[in-house]
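Close look at the chain arrangement
Here's the letter readout for the chains.
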Amino acid sequence: MKPFSGSPLWRNMPMMHSSTATAATRKAAYNEMQDGRGQTRQHYRELRDWLGEMPNERLAQKRDDADTLFRRMGITFAVYGENAGAERLIPFDIVPRIITAVEWRRLSRGLTQRVKALNAFLSDIYHEQEILKAGRIPAEHVLCNVQYRPEMQDIEVPGDVYAHIAGVDVVRADEGEFFVLEDNLRVPSGVSYMLEDRNVMMRLFPELFARYAVEPIEHYPDILLDNLRSVAPAEVLEPTVVLLTPGAYNSAYFEHAFLAQQMGIELVEGKDLMVRDGFVFMLTTRGPQPVHVIYRRIDDDFLDPLAFRQDSALGVPGLLAAYRAGHVTIANAIGTGVADDKSIYPYVPEMIRFYLDEEPIINNVPTRILRNPNDLAYTLDRLSELVVKEVHGAGGYGMLIGPKASKEQLERFRGQIKANPDRYIAQPTLALSTCPTFVDEGIAPRHVDLRPFVLSGSDVHIVPGGLTRVALRKGSLVVNSSQGGGTKDTWVLETR
Amino acid sequence: MLSRTADHLYWMSRYTERAENLARMLQVDTHWALLPREVGELDRSWEATLSMVGQLDAYRARYGEISADQVIRFLAFDEDNPASIVSNLNMARENARAVRGTLTFDQWEIINSTWLELKLRSFDHLHGDALTGFFEWVKLRSHLSRGATIGTMMRDEGFDFKRIGTFLERADNTARILDVQFRMLAPDGVTSSNEADYYRYRALLESVSAYEIYRKVYRDRVTPERIAELLILRADMPRSLHRCAEGLAQHLQAVANDQSTETLRQIGELHSSLHYTRIDLILDDGLHAFLRDFLARINGLGRRIAQDFLVSVTI
């Protein structure tokens with residue numbers, strides 16, 4: 001049983017498919033620090049000079065200092081199945097990643113646009129389903145999706161917001177263009193690492209912040225709290241917000257405790273909450289106190305044993321009824337998974353056009369939908385170059401990595417695709433961009449991705465930056481921390 | 001404050017205090033075992049310790065014969081015995097971990113490093129100095145843990161529940177120590193004319209860090225009556241029953257809620273009964289009966305505290 005899926009950092013990332021593409025089969029990755037002629041880009045020059053002044057021994061010392069800080073602050077994640085004491089650190093790379101103000105402005109606009117469209121889609125799907133009636137998305141992709149929750153049909157949610165917190169995974173490919181790889185709309189995690197990476201960088205290298213004007217991100221918990229309060233049930237003037245965690249044994253428990261502490265709200269487990277007469281209360285030493293907004297870090301399936309999985313000991317009996325009655329807000333809403341599912345992902349650009357009447361600012365990774373005969377023919381032709389994913393598969397199951405697959409695997413998959421083309425999508429292997437990273441050999445380029453956190457309430461907010469994950473092993477495209485991935489502080493420069 | 005949070009804080013304190021007191025008892029016993037004495041007396045002493053922590057039957061079922069090594073192993077290091085020192089420290093850390101976000105950094109650091117160190121230590125063939133060293137270490141870690149609470153924790157309900165746990169457990173443990181030791185040392189009851197077994201009484205005082213205080217307060221030879229007075233009635237003696245009741249009354253008052261009226265009445269009654277009595281009155285009625293009654297009232301308070309504050313309220 002996996003009480004929480006969402007997108008923990010150490011989960012297999014969909015981008016791992018690219019890890020096998022050889023240099024010969026794809027273009028060189030975009031180097032964020034240097035241009036094609038080996039010249040350092042303008043915004044990395046100060047960093048280059050600073051790194052030039054630092055001997056490797058000193059960088060190594062600083063990296064050890066960083067590890068000590070992370071351990072002391074208790075920024076660890078629990079490893080399932082290991083001894084409870086084996087709480088691991090996610091490796092932290094001390095070289096920051098830099099994004100210019102111009103790049104960020106575009107990315108930020110693109111993310112805002114995308115999440116607005118996704119929220120509009122969720123609202124539509126759980127009401128009139130106009131987009132299905134217009135034939136822009138095949139209805140069965142939505143209505144037969146296990147992530148579609150009929151219980152949500154025609155429920156009014158405050159502000160018409162479903163995905164209050166989105167962690168959108170983006171990568172840079174080609175000439176540095178941003179692409180969205182995945183929309184995480186359920187219980188995205190990682191924001192505590194974004195905040196603590198900055199905290200540690202400022203403690204270790206205050207002098208570097210004097211050389212660069214970096215946009216602050218430390219106010220994220222304040223914005224998150226405002227955002228959650230803004231979606232409280234309308235009649236509540238002073239809403240009480242709580243964070244619902246599966247408990248101390250969950251791998252992301254540190255983040256739950258951290259965010260609750262930073263926001264100054266109660267960190268509750270299911271057994272701390274009760275529903276009476278359709279209202280939610282938390283059990284305190286002074287008796288039951290009303291709760292109005294639940295920032296949940298538990299999957300839909302486990303929220304309410306009366307409505308969903310009966311074996312869930314993590315949830316709150318009667319919660320769905322209280323929610324349907326509009327007496328409590330759940331963030332993210334129940335049923336958001338239908339919008340970040342792999343089978344829906346190819347249609348997000350279409351949602352942007354349909355709901356906002358705009359062209360997408362950030363593109364999807366080009367995705368072929370194999371139910372379309374042309375796409376099918378194309379894919380079968382180039383199977384050994386492509387990545388093929390089963391739309392309902394998760395965690396890397398049901399996935400073909402063309403460049404890595406054996407002849408037998410290719411043929412077997414070819415047969416499966418032909419038999420059920422509806423079940424598959426195909427994407428090219430991506431060359432993820434690289435950033436300078438401190439590794440054994442010194443400073444060297446390593447592949448990165450980025451997860452900015454998009455907050456939707458009465459308005460949409462994105463703190464400038466996000467969590468940069470870096471594949472520390474040479475040539476690897478796996479940013480997954482269980483496979484040698486680490487994190488970096490992400491700097492968005494202020495316009496000067 | 002969430003009831004569950006209060007519950008974890010309360011139990012974190014109780015388990016830490018319990019581990020400390022068990023270490024204190026075993027330290028006295030191991031020290032005592034080195035002194036010359038009659039055959040059989042030693043066994044009775046270990047039996048007394050086992051029954052003090054309610055583990056005599058469990059021990060007999062498992063080992064049969066009393067042996068010093070086995071009793072120490074069972075009560076100090078046995079992870080399968082839920083009442084051992086090691087188990088108590090594990091439970092303290094489990095409770096701390098569940099409310100890590102509510103603890104200060106220092107509190108967490110101390111309880112976690114205690115636990116980590118416990119994992120690294122080996123308890124095979126621990127004798128003499130090394131054994132005493134272990135009991136000292138447990139006491140010291142408990143002092144550190146309590147010190148971090150008093151020195152770094154915000155004075156809110158969480159602090160009150162931590163202190164309630166400490167005082168409740170200490171009241172219970174001190175009463176048990178007194179009951180068992182006095183029954184052994186003065187089987188016919190404590191009177192003002194008892195001839196004291198000096199070393200044994202001194203060991204009893206030392207087990208509750210009271211020897212220096214005794215000297216300071218009485219400036220005279222050690223007598224059972226005065227020991228009883230010091231450890232039951234002196235409010236300035238940190239581990240005395242009176243001081244524990246006072247602490248309980250104070251912190252329970254601070255967290256009072258709609259349903260805790262009866263609990264507050266009971267602790268108030270207990271506190272004032274200790275405040276307004278004399279040791280000779282207690283001894284006339286019998287020390288054992290007095291301590292039995294005290295323990296029953298403390299256990300009753302523990303149940304009431306759980307009901308009033310700590311468990312899910314059903315409404």
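Summary of the structure given here. Chains are numbered independently. Their residues run from 1 in the order of the written sequence. Following the order in which they are written, the chains are lettered starting with A and the ligands numbered starting with 1. Residues qualify for local features only when their pLDDT is at least 70, as the model is predicted, and side-chain atom pairs are given and counted only at 80 or more; totals for whole chains, interfaces and linings, by contrast, use all residues. Side-chain metrics rest on all non-hydrogen atoms present in the structure, leaving aside hydrogens and water.

On to the nonpolar core. In globular proteins that are soluble, nonpolar side chains generally tend to be buried together. Ranked by internal contacts, the top residues of the largest apolar core, which has 94 residues, are I85, F134 and I232 of chain B. No other element matches the 11 residues that helix α8 (residues 157–185) of chain B contributes to this core. Each domain span listed reflects an automatic or database assignment of domains. Residues from two domains meet in this core; each of domain 1 (1–153) and domain 2 (155–315) of chain B gives at least three. Working rule for contacts: check all heavy atoms of both residues, and any pair within 4.5 Å makes them a contact. I232 of chain B has contacts with L178, S240, L241, H242, L274, I279, I282, L287, F290 and L291 of chain B, leaving out every residue within four places of it along the chain. One finds L107, A166, V180 and V365 of chain A within the second-largest nonpolar core, a separate group that totals 73 residues. Here the nonpolar core consists of buried residues drawn from Ala, Val, Leu, Ile, Met, Phe, Trp, Tyr and Cys, with membership extended through side-chain atoms lying within 4.5 Å. Three labels apply to residues, based on accessible area from a 1.4 Å probe with only protein chains included: buried if under 20% of the type maximum, exposed if over 50%, partly exposed otherwise in between. Helix and strand assignments come from DSSP, with helices taken as H or I runs of at least 4 residues and strands as E runs of at least 2, each series counted from the N terminus.

Our focus in this paragraph is the pattern of salt bridges. Note on definitions: salt bridges are taken to be side-chain nitrogens of Lys or Arg within 4 Å of carboxyl oxygens of Asp or Glu. Tallying each qualifying case throughout the model produces 54 salt bridges over all chains. With a shortest N-O distance of 2.7 Å, R136 of chain A and E350 of chain A are connected by a salt bridge. Placement of R136 of chain A in the loop between α4 (130–133) and α5 (139–143) and of E350 of chain A in helix α11 (residues 348–356) is noted, with a sequence separation of 214 residues between them. D78 of chain B is the salt-bridge partner of R62 of chain B, the closest N and O atoms lying 2.9 Å from each other. Here R62 of chain B, found in helix α3 (residues 56–63), pairs with D78 of chain B, found in the loop between α4 (68–77) and α5 (85–98); they are 16 residues apart in sequence, far enough to count as distant. Each of E17, E20, R24, R146, R170 and R239 of chain B takes part in a single network of salt bridges with overlapping partners.

Moving on, we come to the sheet that holds strand β9 (residues 279–284) of chain A. All names here are of chain A. Pairing between strands is defined by DSSP: at least two bridges between the two strands are required. Spatially, β8-β9-β10 is the arrangement adopted by the 3 strands of the open sheet, whose pairing is antiparallel. Among the strands making up the open sheet, the edge pair consists of β8 (273–276) and β10 (287–290). Strand-to-strand twist across the sheet, computed as the mean angle between neighbouring axes with direction ignored, equals 45°. Two elements, β9 and β10, share 4 bridges in a ladder whose sense is antiparallel. Counted as the bridge partner of F281 is P290 from β10. Each axis is a line fitted through C-alpha atoms, and for a helix only the stretch in contact is used; angles between axes span 0 to 180 degrees, taken between their N-to-C directions.

This part takes up the pairing of strand β19 (residues 442–451) of chain A. Residues and elements named next belong to chain A. With 8 of its 10 residues buried, β19 lies for the most part within the structure. Here 6 bridges tie strand β18 (residues 434–439) to β19, and the two strands are oriented antiparallel to one another. Pairing of T434 across the sheet is with H447, part of β19. The hairpin formed by β18 and β19 contains 2 residues between the paired strands.

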